[in-house]
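Take a look at the letters that make up each chain.
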Amino acid sequence: MARARFHTLAVAEVRPLTAASVEVTFAVPPELRDAYDYLPGQHVALRAEVDGRELRRSYSICRPPLPPSVDRDGRISVAIKRDLGGAFSTWATSELKPGDRIDVMSPQGTFTLDLGALDDRHVAGIAAGSGITPLMALATSVLTASPTSRFTLVYTNRTAIDVMFLEELADLKDRFPARLALHHVLSREQRSAPLLSGRIDEERLRRMLDTLLPPSTVDEWFLCGPFELVQLCRDVLESDGVPRASVHFELFTTGEPGEVRGDVGHPVVVHDGERTAEIEFTLDGTTSTVTTPVDANESVLNAALRVRADVPFACTGGVCGTCRARLLDGEVRMTENYALEPEELERGYVLTCQSHPLTDRVVVDYDV
């Protein structure tokens, strides 16, 4: 898998979805078409300078990939919902307009499935709010890839006016009435079915699994939304005997306060005589070395950014996987990991934004 890279793309269209969200479509020039090939469920990182400050944020691609014969314009679309206090999302939903140019990283992520093995498969998705974004691409792709595949979607929002892609979901239901089961859950608005009214807690989720979505009938699960909901679903499914390998989840924030901002490459002073660790990293074929004080508990990413500004990162919370690298030598402690699969960990991959050296020398490779 080639390392994802930023390219500057022009905004082709900004389309309102709700009062607090927009769909942003970027034009991909012919010479970059191969770089922006993607699988349904993948995401891109966006980078822009706002009020003199560089901001980065990852967003899922909301449209299914189209063959070149159909996608003649070469476009890629993401959905952005304004978060309370979110600098990037506030700017993007209020200021971004067609013709603007910002940096878009090539697609990445493992929140995907094998479209070539979908016959008679039942795929289920549980999403909340903007978590619908990757599931839009996944559901459309599943239903169009095989005439015998099924998709069940449970989508929760506060009220009906908060539902993103409401018309698109209705159109998808009209296209595949027998193979798409769509359940809208509203936490602050009464629906005709009591089960679909109110917040999804453990008791409500278990009732849904008993009546709407029996785990024994589902082959693969896709979860996307706030950390608390995703974790609840994972725990309940595991308690019902669903194999972990069948449950995929996507996060872009954990919602934890006091997040360590290791991404900004803040200065670290090495004093004479104090114990240090040496971090060696390879990026784009060039190897660099940086020294970090052990007592500073500096992340590998922060140390690398002090000597190279182009080291890849986006969320810095251990959820998007942009800073992924392979550990070749030494040991590290990862504070959080919501992005790497068990098989990636077994092959030695780490999230450098969450990795802190445990040995005097650590070697990582971003190019592998």
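Residues numbered from 1 in each chain as written. Predicted model: local features only at pLDDT ≥ 70, side-chain atom pairs only at ≥ 80, totals over all residues. Heavy atoms only, no water.

Named according to an unreviewed UniProt entry, the protein chain is Ring-1,2-phenylacetyl-CoA epoxidase subunit PaaE originating from Leifsonia aquatica.

Novice: So, the packing of aromatic side chains: which residues are in play, and what are the values?
Specialist: The tally for this structure, following the rule as stated, stands at 5 aromatic pairs. Centroid distance Phe227 to Tyr338: 5.4 Å. Interplanar angle 80°. Geometry classified as edge-to-face. Placement of Phe227 in helix α5 (residues 227–239) and of Tyr338 in the loop between β15 (332–334) and α7 (342–346) is noted, with a sequence separation of 111 residues between them. Put simply, the rings of Tyr59, Phe88 and Trp91 pair up and form one aromatic cluster. When the ring centre of Phe6 is taken as origin, the NZ or CZ atom of Arg47, which lies over that ring, is 4.0 Å away. Over the ring of Tyr349 we find Arg324; its NZ or CZ atom is 3.7 Å from the centre of that ring. (Phe/Tyr/Trp six-rings, centres within 6.5 Å; stacked < 30°, edge-to-face > 60°. Helix = DSSP H or I, 4+ residues; strand = E, 2+ residues; numbered from the N terminus. Lys NZ or Arg CZ within 6 Å of the ring centre and 35° of its normal.)

Novice: Please provide a residue-by-residue account of the confidence of the model for the protein chain, values included.
Specialist: For the protein chain, the average pLDDT comes to 91, and 92% of its residues sit at 70 or higher. For the stretch residues 256–264, pLDDT sits under 50, and the model shows 18 contacts to residues farther than four places along the chain or on other chains. (pLDDT = per-residue confidence, 0-100. Contact = heavy atoms within 4.5 Å.)

Novice: Go over the environment of Ala181, please, and point to the residues and values.
Specialist: With respect to the helices and strands, Ala181 occurs in strand β9 (residues 180–186). Along the backbone, Ala181 and Pro215 are 34 residues apart, and their C-alpha atoms lie at a distance of 15 Å. Beyond its immediate sequence surroundings of up to four residues, Ala181 is in contact with Phe151, Thr152, Leu153 and Lys173.

Novice: Quick rundown of the domain arrangement of the protein chain? Include the residues and the values.
Specialist: For the protein chain, the assigned domains read domain 1 (4–103), domain 2 (120–249) and domain 3 (274–363). Computed from C-alpha coordinates alone, the two centres of domain 1 and domain 2 are separated by 25 Å. The partner domain 2 presents 15 residues to the 15 residues of domain 1 that form the contact. Summed over both sides, the interface of domain 1 with domain 2 buries roughly 1,100 Å², with 69% coming from carbon and sulfur. (Domains from an automatic or database assignment. Buried area = accessible area lost by both parts, 1.4 Å probe.)

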